[in-house]
Amino acid sequence: MKHFLDINKTAPDDLRAMIDSAAAMKTARNGRPKGTPDDTQPLSGHMVALIFEKPSTRTRVSFDVGVRQMGGQTMVLSGSDMQLGHGETIADTARVLSRYVDLIMIRTFEEATLLEMAEYADVPVINGLTNRSHPCQIMADIMTFEEHRGSIAGKKVVWAGDGNNVFASFAHAAGQFGFDLTFTGPETLDPEKGFLDEARAKGSKIEIERNPQKAVEGADLVVTDTWVSMHDSPSSRERRHNQLRPYQVNQELMSHARTDALFMHCLPAHRDEEATSAIMDGPHSVIFDEAENRLHAQKAVMRWCLGV
Ligand code: CP
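Source: prediction; values computed, not measured.

Trainee: Run through the pairing of strand β9 (residues 262-265), naming residues and quoting values.
Mentor: The side chains of a regular strand alternate between the sheet's two faces. The alternating pattern of β9 places L262 and M264 and F263 and H265 on opposite faces, both of which are buried. In terms of strand pairing, strand β8 (residues 221-224) meets β9 through four bridges, oriented parallel. Bridge pairing links V222 to F263 in β9.

Trainee: So what's going on with the pattern of salt bridges? Which residues, and what values?
Mentor: Scanning all chains against the criterion turns up 21 salt bridges. Across the salt bridge formed by E292 and K26, the nearest N and O atoms sit 3.9 Å from each other. Of this pair, E292 sits in helix α12 (residues 287-306) while K26 is found in helix α1 (residues 12-29), placing the two residues 266 residues apart along the sequence. For R237, the salt bridge identified is with E273, shortest N-O distance 3.3 Å. Remark: E273 occurs in the loop between β9 and α11 (277-280) and R237 occurs in helix α9 (residues 237-244); sequence separation between them is 36 residues.

Trainee: Account for the sheet that holds strand β3 (residues 103-107), naming residues and giving values.
Mentor: The parallel open sheet is built from four strands, whose spatial order is β2-β1-β3-β4. Looking at which strands have only one partner, the edges of the open sheet turn out to be β2 (73-78) and β4 (125-127). Neighbour-to-neighbour, the strand axes of this sheet turn through a mean angle of 20°, independent of strand direction. As defined by bridge partners, strand β1 (residues 47-52) adjoins β3 across five bridges and the pair is classed as parallel. When the sheet's bridge partners are listed, I51 is paired in β3 with I106.

Trainee: If you had to explain helix α3 (residues 90-100) to someone new, which residues and values would you point to?
Mentor: Of all the residues in α3, the buried ones are I90, A91, T93, A94, L97 and S98. Along the axis of α3, the buried residues cluster in a sector spanning 160°; they form a single face. Exposed residues on α3 whose side chains face more than 90 degrees from its buried face are R99 and Y100.

Trainee: Lay out the packing of aromatic side chains in plain terms, naming residues and giving numbers.
Mentor: Under the definition given, this model contains five aromatic pairs. Put simply, the rings of W159, F167, F170, F179 and F183 pair up and form one aromatic cluster.

Trainee: Before we move on, can you summarise the nonpolar core with the specific residues and values?
Mentor: F4, I126, M139, F170, F177 and F179 are the most contacted members of the largest nonpolar core, which has 55 residues in total. Residue contacts for M139: discarding those within four places in its chain leaves F4, I7, L15, M18, I19, F177 and A297.

Trainee: Go over the pairing of strand β5 (residues 156-160), please, and point to the residues and values.
Mentor: A large share of β5 lies buried, amounting to five of its five residues. Neither face of β5 is exposed, since K156, V158 and A160 on one face and V157 and W159 on the opposite face are all buried. With five bridges connecting them, β5 and strand β6 (residues 180-184) associate as parallel partners. Opposite V157, over in β6, you have L181 as the bridge partner. In this fold, the crossover linking β5 to β6 by way of helix α6 (residues 165-177) has right-handed handedness.

Trainee: Summarise unusual backbone geometry; cite the residues concerned and give the values.
Mentor: Going from L267 to P268, the amide bond is cis rather than trans, its omega being 5°. Among the secondary structure elements, P268 is positioned in the loop between β9 and α11. Despite not being glycine, L129 has its phi angle at roughly 120°, a positive value. When you line up the elements, L129 lands in the loop between β4 and α5 (135-149). We classify L129 as buried; its relative accessible area is 5%. Positive phi, normally seen in glycine, also occurs at D272, with a value near 70°. Looking at where D272 falls in the secondary structure, it is placed in the loop between β9 and α11.

Rules used in this analysis
- Residues numbered from 1 in each chain as written.
- Predicted model: local features only at pLDDT ≥ 70, side-chain atom pairs only at ≥ 80, totals over all residues.
- Heavy atoms only, no water.
- Buried < 20%, exposed > 50% of the residue type's maximum accessible area, 1.4 Å probe, protein only.
- Helix = DSSP H or I, 4+ residues; strand = E, 2+ residues; numbered from the N terminus.
- Pairing = 2+ DSSP bridges.
- Salt bridge = Lys/Arg side-chain N within 4 Å of Asp/Glu carboxyl O.
- Axes fitted to C-alpha atoms, helices over the stretch in contact; angles between N-to-C directions.
- Arc of directions from axis to C-beta.
- Phe/Tyr/Trp six-rings, centres within 6.5 Å; stacked < 30°, edge-to-face > 60°.
- Core = buried A, V, L, I, M, F, W, Y, C linked by side-chain atoms within 4.5 Å.
- Contact = heavy atoms within 4.5 Å.
- Right-handed = clockwise from strand over helix to strand, strands pointing away.

Pasting the structure below:
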């Protein structure tokens, strides 16, 4: 069973093959209308369940469109509408869904839910985000970096802000794709040490630098994310904003990075909070390529899971 649960749980050769496959599928579509099918229809006859226990724009639409372009069918399910939200166990839900569908993508809160789904499903399960990681996003980000700048191996990536679930998948990717990663943010919002240690053990240079200007020196890529994630308490908003304001990505901060540095944000963004509109809409930014590449990268992930 080939589940796609996290980047650090997937072999580097498989990750590389998925990125290359995604790029090839993007090229093959060559600007054709989005609703037209791909030349090959590898998901023909396949049914895919897309389960959302949290809101989503990009993940929901890109998975749905991707399946359809590859000839498959989808059903989009909200956790609260399913028995999942009314006491049925994850294990039983996984066993039942496996009788109906060929692939499950789930966006949920706790990592334990994803892992239980994968343990009891007889079909592949894809992590569409948990409170702990967001691997599909970072597959799209790696693809985006490489289509603009070539191989990400040996490059310097700087994350500014909250050491959240999206950062965790960047740390996983640093170890697997061989790039260096610097975290700059307040100590109270540091990422889990284990994520950093694992990437270091694989040979990546992983640093924490509290001074954001110093952190971005020599950066090939600067990344940030919202200051209050979906799983954070709304009451923490003011405290988080006060702590994170010095780490806003703005023109002054970007001026310390390489002149050809890229800027990424997984979106949705709170403009002029974690990043200014001048940066988001400026020459460094590739945020909408990132959003588009969710589609292509996830098509490659689904094909890998299904072996088609
Ligand atoms: N980046 C991301 O996962 O976007 P959505 O929450 O809209 O799916």
